[in-house]
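Below, each chain spelled out in residue letters.
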Amino acid sequence: MRHLLSPALEGFLVGVVLCAFSFVALAWYHRSALETLDTQRRASLARTAALTATFIDSDDIQVLLSEKQEGTPTWNRVFKPLHNVIQRSEDVRYVYIMYLDRDSIRFLLDASPWGDADQDGQEDHSPLGSSYPWAAPELWTALREGTRQVDMRLIEDPWGIFLSAYAPLKDSRGRVLGVVGIDVDAKPWIESLAALDRAWLLSLFISGVCALLAGLGAWGHRRRAVYRQETALIEEANRRRQAMDLAQDLEERVHDRTRDLQKVNGELRRALRTRETFLATANHELRTPLQSLLTSVEILEQGIHGDLNTIQRRKVATIRRCARHLLDLISQVLDLSRARSGKIELFREKLDLSSLCLDCLELVEDEARRREVILSFQSPNRSYWLYADALRLRQIVLNMLENTLRFTDPHGTVSLSMEASLDGSRTSILFTTSGPGIPEDLRGDLFRSLDDPAILAAPDQHLGLPLVGWLAALHDGTLHQETAPRGGTAFRITLPTGIDSDSRPSPEVPPHRTPKPRPSDPVILLAEDNPDIRETLCEFLEAQGCQVLLASNGNEAVQQANRQRPDLVLMDVQMPGMDGLEATRKLRENTDFSDLPIVIMTAFASGEDAERCRDAGATSYIPKPLELRRLGRILTEFLPQHTT
């Protein structure tokens with residue numbers, strides 16, 4: 001019984017589905033046949049009524065309406081063709097002319113002769129002027145609107161069951177004088193409908209028998225298939241039982257192997273954490289002495305401690321160039337390591353690309369002047385807004401400017417321009433150099449993969465272009481080399497805007513605060529644990545006419561700020577005890593310091609670090625090593641009454 005249940009159910013379902021499909025199809029066909037038969041019958045009745053109306057002269061109708069007498073020559077002239085229609089047609093039983101008399105319908109002429117010719121017990125002829133109380137709505141419509149009408153309802157009156165049609169009679173001016181009505185015997189129509197219903201029922205019966213046979217066939221086929229399937233299942237169960245011992249043995253081996261792999265993965269994770277810690281420590285430890293070195297060199301170059309002679313200035317420039325070269329190598333090697341491990345994450349924000357490019361041009365202005373290269377910036381007449389990581393985008397532009405300067409001859413030109421796509425979805429930054437540009441033997445290595453072991457040995461590239469290409473790809477952008485219009489080399493970086501170009505955001509404007517009265521020399525709190533950096537930055541700030549408060553950790557910074565409210569705080573992140581982020585949070589808890597500008601100095605200037613600085617309450621942040629030009633802009637921005 002268990003074996004027959006599923007095949008029987010399947011056969012039953014097949015039969016039900018076929019029956020349902022057949023019923024729907026036959027019902028649709030039956031309905032279509034009824035509609036076709038109805039349409040044909042309506043057309044036939046309308047044609048017969050219209051043809052009968054053509055035998056009648058409208059002038060005779062007007063005479064009859066005025067005479068209102070039967071047996072006159074005019075009456076006989078109209079009666080004869082109508083009577084012939086009844087005599088010659090098998091279906092037409094009655095032909096008559098009706099007219100509208102006030103609110104009742106009356107006979108003007110009945111083509112039936114006097115007497116009971118059909119022996120139905122009713123007088124066949126309706127005399128002129130007699131009313132017709134069984135008038136259908138279609139007859140009223142034909143008299144009032146002057147249009148042909150067909151009444152397909154079975155009208156039953158004392159003379160039988162009929163289908164009726166009406167054709168208007170009009171005079172030469174289009175007025176409706178009356179209508180010609182014909183009554184057709186409905187028995188053939190009823191018999192046609194009955195025959196169609198019988199055919200439909202017979203089709204249903206045949207389709208039901210076919211569905212039953214199909215269900216029985218499906219049941220038998222399924223029953224045989226179930227037998228074969230169960231036999232196969234039994235054989236498969238036997239094979240599985242034979243394989244159970246082998247599978248159990250394999251499972252034990254896989255378990256042992258998985259345990260070994262988990263152990264190895266744990267060791268790899270510890271190694272990765274150790275490497276990340278080493279990279280962070282190396283980044284901080286290498287950048288910290290370079291900060292003091294570069295700041296001291298810039299102080300000497302600016303002549304804060306006195307003017308330098310030509311030889312001294314040349315030596316100082318050599319020191320600065322070598323230190324900057326070393327810093328670039330450190331930054332790019334660390335970025336390369338992060339890139340290969342996929343540890344760089346973007347912190348996207350809305351930023352103005354034009355302002356960012358101007359900042360980068362200012363940073364390489366001294367290098368361009370030293371190389372005697374002219375920097376050109378095609379200033380756009382509008383702002384180009386992007387949704388990108390500001391730090392990484394600045395790194396892209398700086399790397400491209402440094403590479404184009406490196407391969408541009410003295411007295412050459414490096415130009416920077418921006419373009420937007422027609423739909424505003426992408427923005428391009430174009431770097432163009434004059435002269436011969438990049439040597440032919442180096443062009444094949446410009447865009448080598450970051451995984452290439454020989455990338456560190458590439459001459460004079462400083463990993464710039466491979467990292468630029470990789471950072472552009474992180475932003476879903478591209479880097480391409482093009483031919484400059486007047487020779488030289490052109491690089492195009494295309495980036496998605498990430499925002500609607502038609503609704504460009506306005507730069508965020510800080511809320512207006514009424515400046516508090518300050519002394520002529522602003523007070524700056526410098527929190528830095530490295531004594532060399534403290535000393536060099538203190539010298540620069542004092543040379544700019546600022547009073548400097550010093551702190552070597554976060555606790556001292558909070559205490560110094562509480563004793564004497566500074567105008568600006570320069571806060572290092574990594575300090576013993578309380579770090580710079582915690583000290584910033586402590587200061588923000590005091591309502592007196594809610595509007596105090598706090599600028600974080602950090603060697604880990606990634607998107608994640610920028611977000612941590614903002615969450616801690618920092619007004620802004622500046623990456624290490626600090627450039628005195630950028631520090632001067634910080635003073636100008638947050639100390640508007642003081643000009644550096």
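Structure: see above.
Residues numbered from 1 in each chain as written. Predicted model: local features only at pLDDT ≥ 70, side-chain atom pairs only at ≥ 80, totals over all residues. Heavy atoms only, no water.

Draft legend 1. Spotlight on the environment of glycine 632. Tracing the sequence through the fold places glycine 632 in helix H16 (residues 628–638). The class for glycine 632 is buried, based on a relative accessible area of 7%. (Helix = DSSP H or I, 4+ residues; strand = E, 2+ residues; numbered from the N terminus. Buried < 20%, exposed > 50% of the residue type's maximum accessible area, 1.4 Å probe, protein only.)

Draft legend 2. How the structure looks around the sheet that holds strand S15 (residues 568–572). Strands sit in the order S14-S13-S15-S16-S17 across an open sheet of 5 strands; the sheet is parallel. Two strands in the sheet have a free side with no partner beyond their single neighbour: strand S14 (547–551) and strand S17 (620–623). The average undirected angle you get between the axes of adjacent strands in this sheet is 20 degrees. Pairing between strand S13 (residues 523–527) and S14: 5 bridges, direction parallel. Among the inter-strand pairings, valine 523 is bridged to a residue of S14, identified as glutamine 547. Each of S13, S15, strand S16 (598–602) and S17 is contacted by H16, which is oriented at about 165 degrees to S17, the strand it contacts most. (Pairing = 2+ DSSP bridges. Axes fitted to C-alpha atoms, helices over the stretch in contact; angles between N-to-C directions. Contact = heavy atoms within 4.5 Å.)

Draft legend 3. Region of interest: the pattern of salt bridges. What the rule picks out here adds up to 16 salt bridges. A salt bridge links arginine 31 to glutamate 35, with the nearest nitrogen and oxygen atoms 3.4 Å apart. Pair noted here: arginine 31 and glutamate 35 are both in helix H1 (residues 2–53), with a separation of 4 residues, about one helical turn. Take glutamate 35: its relative accessible area is 44%, and that puts it in the partly exposed class. Salt bridges here are not isolated pairs; linked through shared partners, they connect Asp101, Arg102 and Arg106. (Salt bridge = Lys/Arg side-chain N within 4 Å of Asp/Glu carboxyl O.)

Draft legend 4. Inspection of unusual backbone geometry at higher detail. Backbone geometry at arginine 102 places phi at a positive 55 degrees, although glycine is not the residue there. Within the secondary structure, arginine 102 is located in the loop between strand S1 (92–101) and strand S2 (104–110). Residue class for arginine 102 comes out exposed when judged on its relative accessible area of 73%. In this structure, glutamate 372 takes a positive phi of about 60 degrees despite not being glycine. One can find glutamate 372 in the loop between helix H8 (365–371) and strand S7 (374–377).

Draft legend 5. View of the packing of helix H2 (residues 58–67) against helix H3 (residues 73–88). Between H2 and H3, the least distance of the axes is 9 Å, while the angle of their chain directions is 130 degrees. It follows that H2 is oblique to H3 by the angle criterion. Once H2 is placed against H3, the crossing between them reads as left-handed. Residue-level contacts link Asp60, Val63, Leu64 and Glu67 of H2 to Thr74, Trp75, Arg77 and Val78 of H3. Classifying every residue of the contact of H2 with H3 by side-chain character gives 4 nonpolar, 1 polar and 3 charged. (Parallel < 35°, antiparallel > 145°, perpendicular 65-115°, else oblique. Left-handed = near helix turned anticlockwise from the far one by under 90°. Nonpolar A, V, L, I, M, F, W, Y, C, P; charged D, E, K, R; others polar.)

Draft legend 6. Layout of the nonpolar core. One finds Leu353, Leu393, Val397, Met400, Leu401, Phe431 and Ile493 to be the most contacted residues of the largest nonpolar core, which totals 34 residues. Here this core gets 8 residues from one element, more than from any other, and that element is helix H9 (residues 390–406). Ignoring anything within four residues of it in the chain, the contact list for valine 397 reads Leu356, Cys360, Leu416, Ile429 and Phe431. Grouped together as the second largest cluster of nonpolar side chains are 33 residues, Ile56, Leu108, Leu128 and Ala167 included. (Core = buried A, V, L, I, M, F, W, Y, C linked by side-chain atoms within 4.5 Å.)

Draft legend 7. Structural context of the side chain of aspartate 151. Tracing the sequence through the fold places aspartate 151 in strand S3 (residues 149–157). Filtering out sequence-adjacent residues up to four positions away, aspartate 151 remains in contact with Ala136, Glu138, Leu163 and Ser164.

So yeah, pure geometry; function would need other evidence.
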